[in-house]
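This is what each chain is made of:
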Amino acid sequence: MELNNYLNITHIECVENYDRNNFAQILQSNSLTEQDKKTLNSINRKSTLKGNKVSYKLSPICFNNKLGRFYPTDGTKSIGRIWNEIRRPLLCNMYWDLDMQNCHYHIILWYANKFNLDCEYIEKYVIERENILNLISQERDLSKKIMLKILYGGDVSSDLTEIYNEFENNDFYQILNIPYKPNNKDAKNFINNIQSEIKEIHNHIYNSNMNCLEFDKIVELCNKKKPKKNIEKTLVALVLQSY
């Protein structure tokens, strides 16, 4: 299955606004990094009462084939470039958050079925998602983070401790006093099995797209930015963002 021209548009123009009362409170938070503050202040300086005019375009390496997701051409103006824990309170009083639940795992399951690839544990996750998320951790956002890391080729099967610690040390979640569940055998077994299925799908996507128009550009860009970056992960991301 090769990547296709799935869009008839090349850019999007929109106006972004945010809750200025919440903005002032967030800016006082000790949890913000200096880069967070710099980004927020940049957005605020360029904003008017009517909001920021923002242009979104496809990544340059994917433009010809119209692949992947849209990115703001000026990241210093777009709220879309702010991480989720900050973006939520900025937008919650002004926008509806429309989301396709578990979208990328549904796409991966469809892909696996289409090409007769093993997907027993992927299907189990799609059907019993809440049970699986609870099996991995009592904190839903942490479980989702682990499952997304697996989907994009991250290795979490050997030890989940690092991910738990990373999440636990996040100031936003310390404030919420969220309980944690230690590693357990059932969670590790599930992760090992679904990770094996995902790896097979990654290989299939890679082998199916080696001759696509943008492949050489993707490889060149990845090698330039991060010489050891896994090209398979990049291609998987493009497939999931394009269908």
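Remember, predicted model here, so these are calculated numbers, not experimental data.

Quick notes on the rules
- Residues numbered from 1 in each chain as written.
- Predicted model: local features only at pLDDT ≥ 70, side-chain atom pairs only at ≥ 80, totals over all residues.
- Heavy atoms only, no water.
- Helix = DSSP H or I, 4+ residues; strand = E, 2+ residues; numbered from the N terminus.
- Contact = heavy atoms within 4.5 Å.
- Areas by Shrake-Rupley, 256 points an atom, 1.4 Å probe, with all protein chains shown as cover.
- Phe/Tyr/Trp six-rings, centres within 6.5 Å; stacked < 30°, edge-to-face > 60°.
- Buried < 20%, exposed > 50% of the residue type's maximum accessible area, 1.4 Å probe, protein only.
- Lys NZ or Arg CZ within 6 Å of the ring centre and 35° of its normal.
- Lys, Arg positive; Asp, Glu negative; His and termini not counted.
- Salt bridge = Lys/Arg side-chain N within 4 Å of Asp/Glu carboxyl O.
- Pairing = 2+ DSSP bridges.
- Axes fitted to C-alpha atoms, helices over the stretch in contact; angles between N-to-C directions.
- Expected span 1.5 Å × (residues − 1).
- Arc of directions from axis to C-beta.

Digging into the overall build of the protein chain
Move 1: Broken down by element type, the protein chain carries 12 helices and 3 strands.
Move 2: Partitioning the contacts of the protein chain with sequence separation of at least 6, the portion at a separation of at least 24 is 70%.
Move 3: Surface exposure of the protein chain reaches about 14600 Å², of which carbon and sulfur atoms provide 49%.

A short note on the packing of aromatic side chains
Pairs of aromatic rings are described using the distance from one ring centre to the other and the angle between the two planes.
Move 1: Evaluated as defined, the whole model comprises 4 aromatic pairs.
Move 2: Here tyrosine 18 and phenylalanine 23 contribute two aromatic rings whose centre-to-centre distance is 5.5 Å and whose plane-to-plane angle is 40°, an arrangement assigned as tilted.
Move 3: Ring plane angle 70° and centroid distance 5.9 Å describe the contact between tyrosine 121 and phenylalanine 190, whose orientation is recorded as edge-to-face. You can see tyrosine 121 sitting in helix H5 (residues 120–127) and its partner phenylalanine 190 sitting in helix H10 (residues 185–208), a full 69 residues away along the chain.
Move 4: Exposure remark for tyrosine 121: the relative accessible area of 23% places this residue in the partly exposed category.
Move 5: In this structure, arginine 20 is placed above the aromatic ring of tyrosine 18, and the distance from its NZ or CZ to the ring centre is 4.5 Å.
Move 6: Sitting over the face of the ring of phenylalanine 115, lysine 114 holds its NZ or CZ atom 5.8 Å from the ring centroid.

So, unusual backbone geometry
Move 1: A positive phi angle, close to 55°, is found at asparagine 102, a residue other than glycine.
Move 2: With respect to the helices and strands, the residue asparagine 102 is situated in the loop between helix H3 (84–91) and helix H4 (103–114).
Move 3: Located in the positive-phi region is asparagine 116, a residue other than glycine, with phi close to 55°.
Move 4: Within the secondary structure, asparagine 116 sits in the loop between H4 and H5.

Looking at the side chain of arginine 129
Move 1: Mapped onto the secondary structure, arginine 129 falls in helix H6 (residues 129–136).
Move 2: Comment: no salt bridge for buried arginine 129; closest opposite-charge side chain is glutamate 130, at 4.6 Å.

Quick notes on the pattern of salt bridges
Move 1: Taken as a whole, this structure holds 3 salt bridges when the rule is applied.
Move 2: Residues glutamate 128 and lysine 124 are paired through a salt bridge, measuring 3.3 Å at the closest nitrogen-oxygen approach.
Move 3: Put simply, arginine 140 and glutamate 130 hold a salt bridge, and the shortest N to O gap is 2.8 Å. Remark: glutamate 130 occurs in helix H6 and arginine 140 occurs in helix H7 (residues 140–151); sequence separation between them is 10 residues.
Move 4: Here arginine 140 falls in the partly exposed class, since its relative accessible area comes to 32%.

Description of the sheet that holds strand E2 (residues 52–58)
Move 1: Taken together, the 3 strands give an open sheet; going across it, the order is E1-E2-E3, and neighbouring strands pair in antiparallel fashion. Looking at strand neighbours, the two that pair on one side only are strand E1 (11–16) and strand E3 (70–72), the edges of this open sheet. Taking the axes of each pair of neighbouring strands and ignoring which way they run, one obtains an average angle of 30° across the sheet.

Some thoughts on helix H2 (residues 34–45)
Move 1: With 12 residues, H2 should cover 16 Å at 1.5 Å per step; its first-to-last C-alpha distance of 16 Å lies within 8% of that length.
Move 2: Taken together, the buried positions of H2 are Asp36, Leu40, Ser42 and Ile43. All buried residues of H2 lie within an arc of 160° about the axis, which places them on one face of the element. For H2, the exposed residues lying more than 90 degrees away from the buried face are Glu34, Lys38 and Arg45.
Move 3: Among the structural elements, helix H1 (20–27), E2 and H3 are those in contact with the buried residues of H2.

Some details on H10
Move 1: End to end, H10 covers 35 Å across 24 residues, agreeing with the expected 34 Å (1.5 Å per residue, within 8%).
Move 2: Elements in contact with the buried residues of H10: H4, H5, H6, H7 and helix H12 (231–242).

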